[in-house]
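Chain and residue survey
Next come the chains, spelled out residue by residue.
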Amino acid sequence: SAAAVEPKPPVEISGSPGNGVTVKVGDVFSFNARSRIQLRYQINVPPADDQGERDFQQIVNIGTARLWFSGHVYRPELTYMIQLAIAGRDYRDGATSPIFDAYIDWKIHRDFHVRAGQFFVPFDRLRTVREFALQMADRPVPVGELTLDRDAGITLYSENFLGKESPVAWRLSAFGGGGTNLTTSREPGALLVGRLELRPLGKIDDDSEGDLERRRKPAVALGGAFAANYNTNRLRSTTGATFLGGTTDYLHAAADLVFKWRGFALQGEYLWKRADVDRIESTDEDGNPRTEYTRSGQGTVFQASYVFDPPIEIVARFSRLYAFGGTDPKLVSEVQSRGQEVGVGLNYYFNKHKMKLQADWIARMPHDFDFEKANHAAHLQLDAMF
Amino acid sequence: SAAAVEPKPPVEISGSPGNGVTVKVGDVFSFNARSRIQLRYQINVPPADDQGERDFQQIVNIGTARLWFSGHVYRPELTYMIQLAIAGRDYRDGATSPIFDAYIDWKIHRDFHVRAGQFFVPFDRLRTVREFALQMADRPVPVGELTLDRDAGITLYSENFLGKESPVAWRLSAFGGGGTNLTTSREPGALLVGRLELRPLGKIDDDSEGDLERRRKPAVALGGAFAANYNTNRLRSTTGATFLGGTTDYLHAAADLVFKWRGFALQGEYLWKRADVDRIESTDEDGNPRTEYTRSGQGTVFQASYVFDPPIEIVARFSRLYAFGGTDPKLVSEVQSRGQEVGVGLNYYFNKHKMKLQADWIARMPHDFDFEKANHAAHLQLDAMF
Amino acid sequence: SAAAVEPKPPVEISGSPGNGVTVKVGDVFSFNARSRIQLRYQINVPPADDQGERDFQQIVNIGTARLWFSGHVYRPELTYMIQLAIAGRDYRDGATSPIFDAYIDWKIHRDFHVRAGQFFVPFDRLRTVREFALQMADRPVPVGELTLDRDAGITLYSENFLGKESPVAWRLSAFGGGGTNLTTSREPGALLVGRLELRPLGKIDDDSEGDLERRRKPAVALGGAFAANYNTNRLRSTTGATFLGGTTDYLHAAADLVFKWRGFALQGEYLWKRADVDRIESTDEDGNPRTEYTRSGQGTVFQASYVFDPPIEIVARFSRLYAFGGTDPKLVSEVQSRGQEVGVGLNYYFNKHKMKLQADWIARMPHDFDFEKANHAAHLQLDAMF
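Note that the structure is a prediction, hence the values are computed from the model and not measured.

Quick notes on the rules
Residues numbered from 1 in each chain as written. Chains lettered and ligands numbered in written order. Predicted model: local features only at pLDDT ≥ 70, side-chain atom pairs only at ≥ 80, totals over all residues. Heavy atoms only, no water. Helix = DSSP H or I, 4+ residues; strand = E, 2+ residues; numbered from the N terminus. Rg over C-alpha atoms; globule rule 2.2 N^0.38 Å. Buried < 20%, exposed > 50% of the residue type's maximum accessible area, 1.4 Å probe, protein only. Contact = heavy atoms within 4.5 Å. Areas by Shrake-Rupley, 256 points an atom, 1.4 Å probe, with all protein chains shown as cover. Patch = residues over 30% accessible without salt bridge, like charges linked within 9 Å, V, L, I, M, F, W, Y side chains within 5 Å. Salt bridge = Lys/Arg side-chain N within 4 Å of Asp/Glu carboxyl O. Lys, Arg positive; Asp, Glu negative; His and termini not counted. Charge placed at Lys NZ, Arg CZ, Asp CG, Glu CD. Least-squares fit on C-alpha atoms with pLDDT ≥ 70 in both. Buried area = accessible area lost by both parts, 1.4 Å probe. Polar contact = N/O pair within 3.5 Å; in protein donor to acceptor, adjacent residues only side chain to side chain. Nonpolar A, V, L, I, M, F, W, Y, C, P; charged D, E, K, R; others polar. Phe/Tyr/Trp six-rings, centres within 6.5 Å; stacked < 30°, edge-to-face > 60°. Lys NZ or Arg CZ within 6 Å of the ring centre and 35° of its normal. Pairing = 2+ DSSP bridges. Core = buried A, V, L, I, M, F, W, Y, C linked by side-chain atoms within 4.5 Å.

Another aspect to go through is the overall build of chain A. When you go through chain A residue by residue, the secondary structure sums to 4 helices and 20 strands. Taking 2.2 N^0.38 as the reference for a compact globule, 386 residues should give roughly 21 Å; the C-alpha atoms of chain A span a radius of gyration of 22 Å, in line with that estimate. Here chain A holds 386 residues, and 56% of them are scored as buried. By sequence separation, contacts in chain A at least 24 residues apart represent 60% of the contacts at least 6 residues apart. In the form shown here, chain A has an accessible surface area of approximately 15,900 Å², with 58% of it arising from carbon and sulfur atoms.

Here it is in structure tokens:
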């Protein structure tokens, strides 16, 4: 009703490939709709069995599909985002809700922003790289095991603390700790996260993989984070199966680096996770003892790439995951059989990450280069945003 | 093709916070897209057990998220609405479809409108208050048990019968009676509903809780409804578990009142539901006898609020649910342990119901004020429409 | 960034009933959002049992609801399409993803187009008629059993081969063969499909049923297709239950005809499907032998209609399904009891297929006209696009 007496704000409509359509009503409102699909061919080749045979496995599907509805309300600094992930493979851990992101973000002041809702836990760099801006089809193994994915809660942060050109960014967060799209309650708890970032050489798009701009001046981002997830009932802290017989506390740490220069890009990351207890003992409905294990370990990831002009990119990854003594025997066994990851990829960027063709091959093996024992996966992907 | 020879109708684009973006093409077409998210923190505190301990339970999630696609087609009086509810908690009774509303509505004449599709059964006021316009985090217990939620069917109605300023509204409906998003058939049946409304002091936004306008002149809405749901196989008439061994008939009645004046608002409602049979006897696959109970009872709700200027609101609720003799022993037990509800809330309205911060505390206990035996729930919510 | 230096392309906004809203930004981008809902009343009447009683079954629901997000990117010839189907009944075979279509289509040259993603397998005409443009509530029985539905893959095609007015269209496809929205991998395989179409009398909307235009000149479309689905683990080739104990190869053939003139329309189709093996023998988790049957058979469909002016249409369907010797005993039994289909319908088109009221009655019976043994289904539908 206040708007009725003010002059009507001007309406602007725009749209472009990869950025969707935007309606902007002055400073008081905007709406953007965007979408993305990924067509994916994947073939898995396990090690040969005793008869020398391999059980090849294939899947052809829409690897992911996304819808974004976003914009600002009341003032340009107050933004909203709803991201839906709607391909079959996007519904994880039995989810029926397609919501990945649902948050509002208020840039109150240069030194103090706040975001509330469901979104990426700002913990490690490699997990918070935007999904559409990845160089390889699957995230690294240590990230899948040790990261903190999405959750519902609140983050206070600044991208440029104490100065517009400041190299310092900080993020302090409190989340529910149980992950996304919860429908059942549990013992109270919280996930507390602190992260500090340094960009000493100026701006860098470290939320997007590769140096597709082939920048003339080197750019670097350094980050470190700690997190404590109290009383979680999820196997991997905020993801995975739900414990039936109790909860645990998880401590997390991360250190990461991104460097880009003249088409070359390097990402490195160290991740560490330790549960308060290795096993949760309880009694099931029939009165029998039940043991559930937690998962503690650490890992490192290195990923390097070079993009030519025209934009053909080669990328390589090396990662290792380690299990701590006494942790989930399943994790120990996964590390023993597939704890080292070696991958290479070849990408063609029609329009940077907004339209690209990707091929890669990723091998997961024991902690040496015994390719005889490796599980191989090869992917061919077409990824397009609209 | 007819449109091709007529002059092109003018295109208008508009948008504002809470109202989404609208494209209007003269009288022949419009399209509106809107969204809403709710970030929710909930803590539940049950009564102490024999050792004096309480099993606190917490959930942090997106309490609900909505997408609306609506507009008019062919003429302004013929409107359409698709409302999707996509948060984890929105998928009830095992639903996979996100559709809450999907209907067309034709205002043929002042005295005769028709709506067809899936939408709120126009039965009682408190259930048909729009979800985003609620003052407290959960609907009252008697409403959850005794109302008629959404269904697929047709409603004939007039908001102002026999005169533009007429205080009389009527609604006659026929629904399938089985609730929303059905995929399996059952014995034929129907839900028939009649509702009469009176607004003797003129227009009132009784589909929205509270007197956020702090109106100078008092406004009141009175309503009464009867319904008969023949051959339903749903436990609570149109919601809840599906009977395996048969169907029942449910009779329903409702009377309700909304009053608003100078920031004060009062809602009162009486609900009554009786099943034709108290128990459905059948034989299961193994030849064993199976008994399924129906749920008959009644209840009352009172909710009062006052909103200050600036828009801080206090709200209080009192409700009681009663089970009829012979009905589902589970309902009897629920009524005995949690049949009375006492709640208070505190809301801050940034932009009325379109952006608000809500805190409340609701206690459910036996039919006296024995707070020792109460189940407590406290909520903190941020609710925003875009 | 290239766009930044070029002059801004003009933005056009349009919208009309059934066609949604479109934002077009010159040749480089467009976005269209459209929706559709169908309110459906269905009653099923099986044959009388020994006591002469019939177990009537009813369902009232949103039969389907669709959302389309489509447009072009970079150039008008490069289009994208995301179609979501979100009513309860749209989630088949345990799906949680609402994606029906997700593809990009590039009309590189008059003689050579390419489509990649998830979409209708271009195999037989009756299945690839667009869902909103059907004359009867259910697709014919032989189509449900013998068609190739949707899958993820790539199609090379031309609608007018070797000339703008050429009557020849061809389509060569390679799909994963496992159907839509897959999340689990299997033995490698592929679905290869070739289809040839002839439209000797010029353009015809054979992807839309009926002759709603009441065209003055006759139009005809002829088609034939072969397909081989290697190593599929789906019961009906690309749909149905997933085999637990192995895979099979399916060979498919189709021949179809569409004719339209002066309000009269005729569709005829022959479908043939044969599995490489009739039964897949394996061993279950407990070491017991497990037999899974494949489904081989053939069928024919004829559907004829006449539309009056005003647009009231009558439609009739006759179809027969045959099971091959040795195939799944369930298929044999379905054919014996319901292998012949007779149906009639009455439609009123408010705005062609974009707003219509449909009534039909379909009887399925043994291979003679023994209506005593027929399963009857009657439908009443309101179908509207926005």
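Turning to a negative patch on the surface, a few remarks are in order. A contiguous patch of negative charge, built from Asp49, Asp50, Glu53 and Asp55 of chain A together with Glu187 of chain C, is present on the exposed surface. Relative to the helices and strands, Asp50 of chain A resides in the loop between strand S3 (29-45) and strand S4 (57-72).

Once turned by 120° and shifted 0.0 Å along the axis, chain B lies on chain C with an RMSD of 0.0 Å. Given the turn and translation reported, the copies of this chain are related as if by a three-fold rotation axis. Minimal C-alpha separation from the rotation axis in chain B is found for Thr96 of chain B, amounting to 3.7 Å.

Here we take up the relation of the copies chain B and chain A. Both copies of the chain are placed relative to one another by a rotation about an axis and a shift along it. For the pair chain B and chain A, the best superposition has an RMSD of 0.0 Å and corresponds to a rotation of 120° with a translation of 0.0 Å parallel to the axis. An overlap of only 6% is found between the interface residues of chain B and their copies at the interface of chain A, pointing to separate contact surfaces.

Attention shifts here to the interface of chain B and chain A. Across the contact, 33 residues belong to chain B and 36 residues belong to chain A. With both chains or domains summed, chain B and chain A bury close to 2,900 Å², and 76% of this area falls on carbon and sulfur atoms. Summed over the three residues of chain B that lose the most area to chain A, namely Pro17, Gln58 and Phe386 of chain B, the buried surface amounts to 19% of that side. Between chain B and chain A we count 0 salt bridges in total. Applying the counting rule to chain B against chain A returns 7 residue pairs in polar contact (both at pLDDT 80 or more). Sorting the residues of the side of chain B that touches chain A by element identifies strand S1 (11-16), strand S2 (20-25), strand S3 (29-45) and strand S4 (57-72) of chain B as the ones contributing at least two each. The element best represented in the side of chain B that touches chain A is S4 of chain B, accounting for 9 residues. Partitioned by chemical class, the residues of the side of chain B that touches chain A number 21 nonpolar, 10 polar and 2 charged.

Tallied over the full model, the rule gives 39 aromatic pairs over all chains. For the pair Phe112 of chain A and Trp170 of chain A, a centre-to-centre distance of 6.5 Å together with 40° between the ring planes defines the contact as tilted. With Phe112 of chain A in strand S7 (residues 112-120) and Trp170 of chain A in strand S9 (residues 168-175), this pair connects stretches of sequence that are 58 residues apart. Their ring planes at 75° and their centres at 5.0 Å tell us that Tyr348 of chain B and Phe350 of chain B sit as a pair that is edge-to-face. Given the relative accessible area of 32%, Tyr348 of chain B is considered partly exposed. Following the ring pairs from residue to residue traces out a cluster consisting of Phe31 and Phe69 of chain A, Phe31 and Phe69 of chain B together with Phe31 and Phe69 of chain C. Directly above the aromatic system of Trp68 of chain C lies the positively charged group of Arg34 of chain C, at a separation of 5.0 Å from the ring centroid. It is Lys273 of chain C that lies over the ring of Tyr250 of chain C; its NZ or CZ is 5.3 Å from the centre.

So, on to the environment of Arg115 of chain B. All names here are of chain B. Residue position: Arg115 is located in strand S7 (residues 112-120). A relative accessible area of 22% places Arg115 in the partly exposed class. When the C-alpha atoms of Arg115 and Tyr103 are compared, they prove to be 6.8 Å apart, with 12 residues separating the residues in sequence. Every residue in contact with Arg115, bar those within four places of it in the chain, is listed here: Tyr103, Ile104, Asp105, Gly153, Ile154, Thr155 and Tyr157. A polar contact of 2.6 Å, which involves the side chain of Arg115, links it to the side chain of Asp105.

Taken together, the contact between chain B and chain C spans 36 residues of the former and 33 residues of the latter. Together chain B and chain C conceal approximately 2,900 Å² of surface at their shared face, both sides included; 76% is due to carbon and sulfur atoms. For the pair chain B and chain C, the number of links is 0 salt bridges. In terms of residue class, the side of chain B that touches chain C is built from 23 nonpolar, 11 polar and 2 charged.

In this section: the pairing of strand S10 (residues 190-198) of chain C. Residue and element names in this part refer to chain C. Residues Leu191, Val193, Arg195 and Glu197 line the buried face of S10, whereas the alternating positions Ala190, Leu192, Gly194, Leu196 and Leu198 sit on a face that is not buried. Here strand S9 (residues 168-175) pairs with S10 via 8 bridges, running antiparallel. Paired with Phe175 across the bridge in S10 is Leu191.

Let us now look at the pattern of salt bridges. All names here are of chain C. What the rule picks out here adds up to 90 salt bridges over all chains. The partner of Asp93 in a salt bridge is Arg234, and the shortest N-O contact between them spans 3.0 Å. With Asp93 in the loop between strand S5 (78-85) and strand S6 (99-109) and Arg234 in the loop between strand S11 (219-232) and strand S12 (248-261), this pair connects stretches of sequence that are 141 residues apart. Under the relative-accessibility criterion, Asp93 is labelled exposed at 53%. A salt bridge links Glu334 to Arg295; its shortest N-O distance comes to 2.9 Å. Of this pair, Glu334 sits in helix H4 (residues 329-338) while Arg295 sits in the loop between strand S15 (289-293) and strand S16 (297-307); the two residues are 39 residues apart in sequence, bridging distant segments of the chain.

If you look at the biggest cluster of nonpolar residues, it comprises 93 residues, and the most contacted ones within it are Phe69 and Leu84 of chain A, Phe69 and Leu84 of chain B together with Phe69 and Leu84 of chain C. Among residues more than four places away in sequence, those in contact with Leu84 of chain B are Ala65, Arg66, Leu67, Phe69, Pro98 and Ile99 of chain B together with Leu67 and Ile86 of chain C.

Residues and elements named next belong to chain B. The peptide bond linking Asp309 to Pro310 adopts the cis configuration, its omega dihedral lying at 5°. Within the secondary structure layout, Pro310 lies in the loop between strand S16 (297-307) and strand S17 (312-323). Backbone geometry at Lys352 places phi at a positive 50°, although glycine is not the residue there. With respect to the helices, strands and loops of the structure, Lys352 is situated in the loop between strand S18 (340-349) and strand S19 (355-365).

Moving on to the side chain of Arg195 of chain B. Residues and elements named next belong to chain B. Secondary-structure assignment places Arg195 in strand S10 (residues 190-198). Here the side chain of Arg195 touches Glu197 through a polar contact of 2.6 Å, side chain to side chain. Each residue touching Arg195, except ones within four places of it in the same chain, is listed here: Pro122, Phe123, Asp124, Arg125, Ala169, Trp170, Arg171, Gly223, Gly224, Ala225 and Asp256.

With that settled, the discussion passes to the environment of Arg130 of chain B. All names here are of chain B. With respect to the secondary-structure elements, Arg130 resides in the loop between helix H2 (125-128) and helix H3 (141-146). Between the C-alpha atoms of Arg130 and Gly210, which are 80 residues apart in sequence, the distance is 12 Å. Dropping the residues within four chain positions of it, Arg130 is found in contact with Arg139 and Asp207.

Quick look at the pairing of S9 of chain C now. Where strand S8 (residues 150-158) of chain C meets S9 of chain C, 6 bridges bridge the pair, whose relative direction is antiparallel. Bridge pairing in S9 of chain C places Ile154 of chain C opposite Ala174 of chain C.

Here we take up the side chain of Asn32 of chain C. Residues and elements named next belong to chain C. Mapped onto the fold, Asn32 is located in strand S3 (residues 29-45). With relative accessibility at 9%, the residue Asn32 sits in the buried group. A polar contact is formed between the side chain of Asn32 and the side chain of Thr22, at a distance of 2.8 Å. When residues no more than four places from it in sequence are discounted, the contact partners of Asn32 are Asn19, Gly20, Val21, Thr22, Trp68, Phe69 and Ser70.

A word on a nonpolar patch on the surface. Residue and element names in this part refer to chain A. A cluster of nonpolar residues, Tyr41, Phe308, Ile312, Ile314, Leu346, Tyr348, Phe350, Leu357 and Leu380, forms a patch on the protein surface that exposes about 800 Å² of accessible area. Sorting the residues of the nonpolar patch by element identifies strand S17 (312-323) and strand S18 (340-349) as the ones contributing at least two each. Summarising the element assignment, Phe350 is placed in the loop between S18 and strand S19 (355-365).

Everything listed here is a matter of geometry and, on its own, says nothing about what the molecule does.
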